[in-house]
There are 2 protein chains.
Amino acid sequence: MKTAAVIMAGGRGERFWPKSRNSRPKQFLSLTSDGETMIQKTVKRLRPLVDAEDIYIVTNAAYTDLVAEQLPDVPKENILAEPCARNTAPCIAFAAAVIGKKCEDAVMLVLPSDHLIGYEDIYLRTLKKAVKVCEEGQNLVTIGITPTYAETGYGYINFGKESGDAYEVERFVEKPDLPTAKKYLASGKYLWNSGMFVWKVSSIMANLRKLMPDVYEGALRIADSYGTDKYTETLVKEYTAFTSESIDFGIMEKASDIYTIPGSFGWDDVGSWLAVERINETDDNKNYIDGDVISIDSERTTICGGRRLIAAVGVEDLIIVDTDDAVLVCSKNNTQDVKKVIAQLKEHGRNELV
Amino acid sequence: MKTAAVIMAGGRGERFWPKSRNSRPKQFLSLTSDGETMIQKTVKRLRPLVDAEDIYIVTNAAYTDLVAEQLPDVPKENILAEPCARNTAPCIAFAAAVIGKKCEDAVMLVLPSDHLIGYEDIYLRTLKKAVKVCEEGQNLVTIGITPTYAETGYGYINFGKESGDAYEVERFVEKPDLPTAKKYLASGKYLWNSGMFVWKVSSIMANLRKLMPDVYEGALRIADSYGTDKYTETLVKEYTAFTSESIDFGIMEKASDIYTIPGSFGWDDVGSWLAVERINETDDNKNYIDGDVISIDSERTTICGGRRLIAAVGVEDLIIVDTDDAVLVCSKNNTQDVKKVIAQLKEHGRNELV
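Description of the structure in this document. As the structure is a prediction and not an experimental result, all values here were calculated from the model.

### Considering the overall build of chain A
Then, number 1: In terms of regular secondary structure, chain A is built from 11 helices and 17 strands.
Then, number 2: On C-alpha atoms alone, chain A measures out to a radius of gyration of 21 Å, which is about the 20 Å that the 2.2 N^0.38 rule sets for 354 residues.
Then, number 3: Viewed in the frame of its principal axes, chain A has a C-alpha envelope of about 60 × 50 × 40 Å.
Then, number 4: Expressed as a percentage of its 354 residues, the buried residues of chain A come to 58%.
Then, number 5: Residue pairs in contact within chain A that sit at least 24 positions apart in sequence constitute 66% of those at least 6 positions apart.
Then, number 6: Accessible area for chain A stands at about 14,800 Å²; split by element, carbon and sulfur atoms hold 46% of it.
Then, number 7: Of the side-chain charges in chain A, 42 are positive and 53 negative, and the distance between the mean point of each set is 3 Å.

See below:
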């Protein structure tokens with residue numbers, strides 16, 4: 001059975017401003033010293049399992065050139081351009097329908113483009129298990145991450161009975177508060193929802209038909225036009241008509257017969273600037289320093305330099321990011337508030353900085 | 001009797017890096033929102049007491065154009081260019097000799113170019129008193145500042161018996177440690193040494209002849225050549241031969257018959273970036289913000305912007321200064337260590353940034 005991969009690359013990565021911009025979001029940036037971008041790493045680690053011609057990138061129309069430039073091995077026709085953002089359900093339906101037109105019984109991996117994986121062999125072994133479970137006929141499989149602490153920023157998967165290599169999913173739950181998250185960990189029955197899914201094209205299409213019929217029909221019409229001169233026109237017409245919906249809410253929380261496979265492969269969702277010191281080497285004072293920097297008596301500080309010198313003197317627990325037109329100086333306790341900067345910029349119509 | 005003013009403008013202002021550079025030190029910068037530079041303020045506040053043609057600027061030869069540009073009212077021939085830095089004693093001797101050649105019984109005010117005065121009327125009244133004391137024949141007069149707290153970064157003047165508008169100086173003392181500074185304040189007999197002096201040209205020349213004969217002789221030879229075609233040659237020859245010495249150590253700590261007049265006129269030596277929030281208005285969160293800045297939940301932070309946007313998110317007690325080629329992010333507890341940045345830059349031969 002053919003295995004295809006769908007990489008979702010439509011995100012804006014606002015929390016990585018000022019490096020991440022509308023014109024070049026997080027997944028197209030390198031946040032590691034090796035210079036590889038997030039999406040390049042995502043594709044590279046998949047290649048032992050999936051051929052280049054079976055890798056599909058769903059992204060905003062504005063980013064198709066960036067994708068083509070960063071992923072030359074992926075066929076141009078596999079770059080699926082969303083005319084507008086409609087969250088993950090329409091995105092996945094779009095890709096599933098297109099893949100299904102080529103090969104209806106393919107198993108498809110659905111993966112974010114901007115996460116990091118520390119243990120790639122274990123990651124691949126986990127995905128292979130998921131593919132096998134699907135091939136054996138199970139409906140929908142999600143990769144759960146075995147929690148290492150009581151994170152309140154992720155959704156959780158409550159699993160039940162063991163079934164071969166997987167566990168039956170009891171329910172998906174939204175981001176918990178800290179006491180609840182601690183209960184989840186103590187129970188030993190909750191995994192982090194990583195947003196990685198594996199299923200047969202036929203399975204996800206069947207669920208879409210039942211739970212999101214409009215998206216199902218629209219996706220089929222797009223797929224029918226795929227490769228014809230009606231494609232762009234149909235895509236814009238159908239896609240803009242979709243209502244915005246996440247795959248978790250639209251399908252996973254409503255569907256039955258869902259399975260999860262626990263994964264433990266050094267997954268990092270690279271959710272904020274705090275991730276940079278986690279995923280890179282730091283110096284003796286626990287600073288991560290990149291670029292032209294003079295640091296004097298500074299500790300636990302992340303500095304991402306640009307073209308100019310950055311001098312950090314006696315500072316602690318800061319994120320300092322320099323670009324040609326903007327500098328961010330942010331307390332590590334406030335990395336989520338970087339979004340507020342973008343909100344203010346938009347409010348004042350300063351879109352060149354967003 | 002004529003009153004002349006000598007403004008010492010040869011300093012480098014290293015603690016105001018990155019705004020202050022070798023090519024444009026602190027005294028030629030504006031650190032207040034009105035846009036006036038420090039030296040412009042210094043001259044402006046003096047004008048009610050001293051005519052423009054009696055104001056002399058002693059500065060490094062590299063800065064004569066800056067002085068002429070910023071102080072168009074001061075006659076070009078009053079800009080005295082030091083061929084090299086030799087501290088304040090040779091600087092004052094040079095000016096005294098030149099002024100003495102024109103008018104031997106002038107009273108001269110010696111003033112730094114990079115301090116701020118909050119109460120200019122009181123300041124002028126204090127200087128007038130000092131001039132009067134000198135005209136009445138006293139030897140050397142120094143303006144002491146009535147301390148408002150136990151500062152350890154200034155030298156102190158220990159005064160004794162009252163004498164007319166002044167007090168006899170017992171001794172000058174170097175920067176004390178904190179317990180000592182507290183004792184000084186408790187005694188009620190110590191003033192801050194502001195580096196402002198008033199004396200007759202004839203008095204300071206007499207003291208130089210006695211205590212620093214080489215400098216005295218050299219300064220006279222420079223003055224003799226002043227206005228002739230031998231001036232530059234003589235100046236370079238004599239000035240480079242001077243040994244570096246402060247007026248405090250070379251004269252004040254050794255001379256007798258010294259008087260001090262206590263001043264209390266909102267004096268600020270603008271000694272580090274910390275001064276900026278003292279001398280400017282701050283917002284409700286005690287931030288001083290200048291330039292294109294977005295501040296979110298930041299407190300007690302000084303931000304001097306340049307051409308780019310600076311976003312400060314959740315930071316406290318920082319100094320952030322942006323220029324075209326360097327950014328400083330400094331803890332308020334470490335403002336003195338800005339000099340260490342310059343030391344490292346010099347060490348690596350990066351003089352374009354110094």
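### A word on the side chain of Asn207 of chain A
All names here are of chain A.
Then, number 1: As for its position among the elements, Asn207 is in helix α6 (residues 201-211).
Then, number 2: By relative accessible area, Asn207 is classed as buried at 9%.
Then, number 3: When sequence neighbours within four positions are dropped, the list of residues in contact with Asn207 reads Asn139, Leu140, Met212, Ile251 and Ala255.

### A look at the relation of the copies chain A and chain B
Then, number 1: For the pair chain A and chain B, the best superposition has an RMSD of 0.1 Å and corresponds to a rotation of 180° with a translation of 0.1 Å parallel to the axis. Taken together, the rotation and translation describe the operation of a two-fold axis. Every residue of chain A has its C-alpha some distance from the rotation axis, and the shortest such distance is that of Val329 of chain A, at 4.1 Å.

### Observations regarding the interface of chain A and chain B
Then, number 1: Tallying the contact residues gives 33 residues for chain A and 33 residues for chain B.
Then, number 2: Taking both partners together, chain A and chain B bury about 2,600 Å²; carbon and sulfur atoms supply 62% of that area.
Then, number 3: Inspection of the chain A/chain B interface yields six salt bridges.
Then, number 4: For the salt bridge of Arg308 of chain B with Asp322 of chain A, the shortest nitrogen-to-oxygen distance reads 3.2 Å.
Then, number 5: The interface formed by chain A and chain B contains 18 residue pairs in polar contact (both at pLDDT 80 or more).
Then, number 6: Only β13 (293-296), β15 (309-313), β16 (318-322), β17 (326-331) and α11 (338-347) of chain A provide two or more residues apiece to the side of chain A that touches chain B.

### Overview of the pairing of strand β7 (residues 156-163) of chain B
Residues and elements named next belong to chain B.
Then, number 1: Where β7 meets strand β8 (residues 166-173), six bridges bridge the pair, whose relative direction is antiparallel. Residue pairing in the sheet places Ser163 in a bridge with Ala166 of β8.
Then, number 2: Hairpin connection, β7 to β8: the antiparallel pair is bridged by two residues, and Gly164 has positive phi, about 65°.

### Some details on the sheet that holds strand β17 (residues 326-331) of chain B
Then, number 1: With mixed pairing, the six strands of this open sheet are ordered in space as β13(A)-β15(A)-β17(B)-β16(B)-β14(B)-β12(B). The outermost strands of the open sheet, each flanked by one partner alone, are β13 of chain A together with β12 (288-290) of chain B. Averaged over neighbouring strand pairs, the angle between their axes works out to 5° when direction is ignored.
Then, number 2: Relative to strand β14 (residues 302-304) of chain B, β12 of chain B runs parallel, the two being bridged by three bridges. Each residue of the ladder has a partner; that of Asp290 of chain B, found in β14 of chain B, is Cys304 of chain B.
Then, number 3: Packed onto the sheet, helix α11 (residues 338-347) of chain B meets β13 and β15 of chain A together with β17 of chain B and runs at close to 135° relative to β13 of chain A.

### Examining helix α3 (residues 88-102) of chain A
Since one α-helical turn is 3.6 residues long, residues separated by three or four positions face the same way.
All names here are of chain A.
Then, number 1: The end-to-end C-alpha distance of α3 is 21 Å, a good match for the 21 Å that 15 residues give at a rise of 1.5 Å each.
Then, number 2: Where burial is concerned, most of α3 is hidden: 12 out of the 15 residues are buried.
Then, number 3: Along α3, the residues classified as buried are Ala89, Pro90, Cys91, Ile92, Ala93, Phe94, Ala95, Ala96, Ala97, Val98, Ile99 and Gly100.

### Overview of the sheet that holds strand β14 (residues 302-304) of chain A
Then, number 1: Sheet architecture is open: six strands sit in the order β12(A)-β14(A)-β16(A)-β17(A)-β15(B)-β13(B), paired in mixed fashion. Each edge of the sheet is formed by a strand with only one pairing partner; in this case those strands are β12 (288-290) of chain A together with β13 (293-296) of chain B. Strand-to-strand twist across the sheet, computed as the mean angle between neighbouring axes with direction ignored, equals 5°.
Then, number 2: Sheet strands touched by α11 of chain A: β17 of chain A together with β13 and β15 (309-313) of chain B. Its angle to β13 of chain B, the strand with the most contacts, is close to 135°.

### As for the packing of helix α3 (residues 88-102) of chain B against helix α6 (residues 201-211) of chain B
All names here are of chain B.
Then, number 1: It is at 10 Å that the axes of α3 and α6 come closest, and there the two elements cross at 130°. Comparing the axis directions of α3 and α6 gives the class oblique. Like other packed secondary-structure pairs, α3 and α6 cross with a definite hand, here left-handed. Residues Ile92, Ala93, Ala96, Ala97, Ile99 and Gly100 of α3 pack against Val201, Ile204, Met205 and Leu208 of α6.
Then, number 2: Here the residues of the contact of α3 with α6 sort into nine nonpolar, one polar and no charged.

### Quick word on the side chain of Asn60 of chain A
Residue and element names in this part refer to chain A.
Then, number 1: Note on placement: Asn60 falls in strand β2 (residues 55-60).
Then, number 2: Assessed through its relative accessible area of 13%, Asn60 is described here as buried.
Then, number 3: At 2.7 Å, the side chain of Asn60 and the backbone nitrogen of Ala62 are in polar contact.
Then, number 4: The contacts of Asn60, once residues within four sequence positions are left out, are Ala9, Gly10, Arg12 and Glu82.

### Focus: the pattern of salt bridges
Then, number 1: Evaluation of the coordinates by the stated rule reveals 48 salt bridges over all chains.
Then, number 2: Put simply, Asp34, Glu36, Lys41 and Lys44 of chain A are held in one network by salt bridges that share partners.

### Brief notes about unusual backbone geometry
Then, number 1: That bond from Trp17 of chain A to Pro18 of chain A is cis: its omega, 5°, falls within 30 degrees of zero.
Then, number 2: Relative to the assigned elements, Pro18 of chain A resides in the loop between β1 (3-9) and α1 (38-46).
Then, number 3: Here the phi dihedral of Asn87 of chain B falls at roughly 65°; this positive angle occurs in a residue that is not glycine.
Then, number 4: Among the secondary structure elements, Asn87 of chain B is positioned in the loop between β3 (79-82) and α3.
Then, number 5: Classification of Asn87 of chain B by relative accessible area gives partly exposed; the value is 40%.

The rules behind these values
- Residues numbered from 1 in each chain as written.
- Chains lettered and ligands numbered in written order.
- Predicted model: local features only at pLDDT ≥ 70, side-chain atom pairs only at ≥ 80, totals over all residues.
- Heavy atoms only, no water.
- Helix = DSSP H or I, 4+ residues; strand = E, 2+ residues; numbered from the N terminus.
- Rg over C-alpha atoms; globule rule 2.2 N^0.38 Å.
- Buried < 20%, exposed > 50% of the residue type's maximum accessible area, 1.4 Å probe, protein only.
- Contact = heavy atoms within 4.5 Å.
- Areas by Shrake-Rupley, 256 points an atom, 1.4 Å probe, with all protein chains shown as cover.
- Lys, Arg positive; Asp, Glu negative; His and termini not counted.
- Charge placed at Lys NZ, Arg CZ, Asp CG, Glu CD.
- Least-squares fit on C-alpha atoms with pLDDT ≥ 70 in both.
- Buried area = accessible area lost by both parts, 1.4 Å probe.
- Salt bridge = Lys/Arg side-chain N within 4 Å of Asp/Glu carboxyl O.
- Polar contact = N/O pair within 3.5 Å; in protein donor to acceptor, adjacent residues only side chain to side chain.
- Pairing = 2+ DSSP bridges.
- Axes fitted to C-alpha atoms, helices over the stretch in contact; angles between N-to-C directions.
- Expected span 1.5 Å × (residues − 1).
- Parallel < 35°, antiparallel > 145°, perpendicular 65-115°, else oblique.
- Left-handed = near helix turned anticlockwise from the far one by under 90°.
- Nonpolar A, V, L, I, M, F, W, Y, C, P; charged D, E, K, R; others polar.

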